[in-house]
Amino acid sequence: MFKQVFAVFAATVVLSSSVVAQPDLVPAAPSIAASAYFLMDANSGEVLIEHNADERMQPASLTKLMTSYVLSYELERGQVSNDDMVTISKNAWAQNPIFNGSSLMWIEVGKQVSLGDLHKGVVISSGNDSSVAVAEHLAGSEEAFAGMMNQHAAMLGMTNSHFANSHGLPHLDHYISVRDLATLANAIIAYKNEYVLYSERDFIFNNIRQSNRNGLLWSDPSVDGLKTGHTVDAGYCLVTSAKREGMRLISVVMGTSSAKARERETQKLLSYGFRYFETHQLYAGGTELTRSKVWKGDSDEVNLGVQKDVFITIPRGKSDALNAQLNVDEVLIAPITADQEYGELVVSLAGAERLRVPLVALQAVEEGGILKRLWDSIVLFFVNLIS
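Quick look at the structure, then. Here the structure is a predicted model, which means the values were calculated and not measured. (Residues numbered from 1 in each chain as written. Predicted model: local features only at pLDDT ≥ 70, side-chain atom pairs only at ≥ 80, totals over all residues. Heavy atoms only, no water.)

Sheet strands associate in pairs through backbone hydrogen bonding, adopting either a parallel or an antiparallel arrangement. What the five strands build is an open sheet, ordered 3-2-10-9-8; its pairing is antiparallel. At either end of the open sheet lies a strand with only one pairing partner, and these are strand 3 (47–51) and strand 8 (223–231). On average, adjacent strands in this sheet sit at an angle of 5° to one another, irrespective of strand direction. Note: strand 2 (residues 36–41) against strand 10 (residues 247–256), six bridges, orientation antiparallel. Across the sheet, Asp41 pairs through a bridge with Leu249, a residue of strand 10. Those strands touched by helix 7 (residues 178–189) are strand 2, strand 3, strand 8, strand 9 (235–244) and strand 10, and its axis lies near 140° from that of strand 10. (Pairing = 2+ DSSP bridges. Helix = DSSP H or I, 4+ residues; strand = E, 2+ residues; numbered from the N terminus. Axes fitted to C-alpha atoms, helices over the stretch in contact; angles between N-to-C directions. Contact = heavy atoms within 4.5 Å.)

One way to put it is that helix 5 (residues 128–139) packs onto helix 6 (residues 142–155) with a least axis distance of 8 Å and a crossing angle of 80°. Comparing the axis directions of helix 5 and helix 6 gives the class roughly perpendicular. The segment helix 5 lies against helix 6, with Val132, Ala135, Glu136, Leu138 and Ala139 engaging Glu142, Ala144, Phe145 and Met148. (Parallel < 35°, antiparallel > 145°, perpendicular 65-115°, else oblique.)

One can find Ser177 in the loop between helix 6 and helix 7. Owing to a relative accessible area of 0%, Ser177 belongs among the buried residues under this scheme. (Buried < 20%, exposed > 50% of the residue type's maximum accessible area, 1.4 Å probe, protein only.)

Attention now moves to the pairing of strand 13 (residues 301–305). Consecutive side chains of a regular strand alternate in pointing toward one face of the sheet and then the other. Across five bridges, strand 12 (residues 288–295) lies against strand 13 in antiparallel orientation. Across the sheet, the residue bridging to Lys293 is Glu301, located in strand 13. Linkage of strand 12 to strand 13, two consecutive antiparallel strands, is achieved through a turn of five residues, within which Lys296 is found at a positive phi near 65°. Looking at chain direction, strand 13 and strand 18 (residues 352–361) are connected through two bridges and run antiparallel.

These figures come from the coordinates and say nothing about function on their own.
If you want it as structure tokens, here you go:
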């Protein structure tokens, strides 16, 4: 089908209609002392640095990110409440360091603990005991909860992940990739009510104060999450999110040599991303970008725009080299379905395509009456003859 082509300009950043190539001033990525690592912009999804991004690795306590995500999902749907009281089983209590080297929230058998406190125990204290208690409350058993975790991983597109437990102790069928961890972190951040837990530095339960193991919460004010992990086989791992001047980055490092090393290597990634890149919101979801003629409809026009917010991450200082155009289907015939694609938005940087987003109808247009349809059919016939 023929397309109509329009230049279009964003409100938040000027998109130039004449592009002059600029030299690439972004240096090579820093050397990172980790088995695998990943850096992406949370809003645009642009991957800035990656190494062994899809290699399946033991996640250690990073597993608890998925435990927390599943709980957040159930909380947001209203299936459970933070005020729910959970009776602690012997199985949950038995996640004792004497037996398996676990980190704990220090819950006790038979006692009742609020689900909200257990969530803090998972996120802040990194408690294996609280993780099992959450799993049992949501699914009845840890085995059933692992099934829920894997279902959510599939829905999020985490293709190199599989969970066998809620806490992350080693298991042959328990693994994740750094790319999948970044995907999971971004999904967690979307649950704003629950994500605030990740920035809390301390948690007191049973008169025991435990500090968040993410040391960057103390040293970098832009960091507001997410989670550490460590076992002998996994090494020292860290998933981090930081926000500066409206730009949010997510970094993942796995297999570093120490707690200090995971923080140091994370700071290298974040510094590189924030220093050399910038993210712009080009358009808000639901914003009208153009209007198009509709044939045979009860309305002569339809508003076209993007369904979701459109972000782009580019090298700093290159926004003047951005160019956007709309490719719209030439002939739109009613009925028009809301959210159906009728073209595309194409954004280029210095002549190179960077982004292609569907252009959708922002409202439905029903068929017009019989006379309107007949008249438009006649007009279209002659338009086609001329073209």
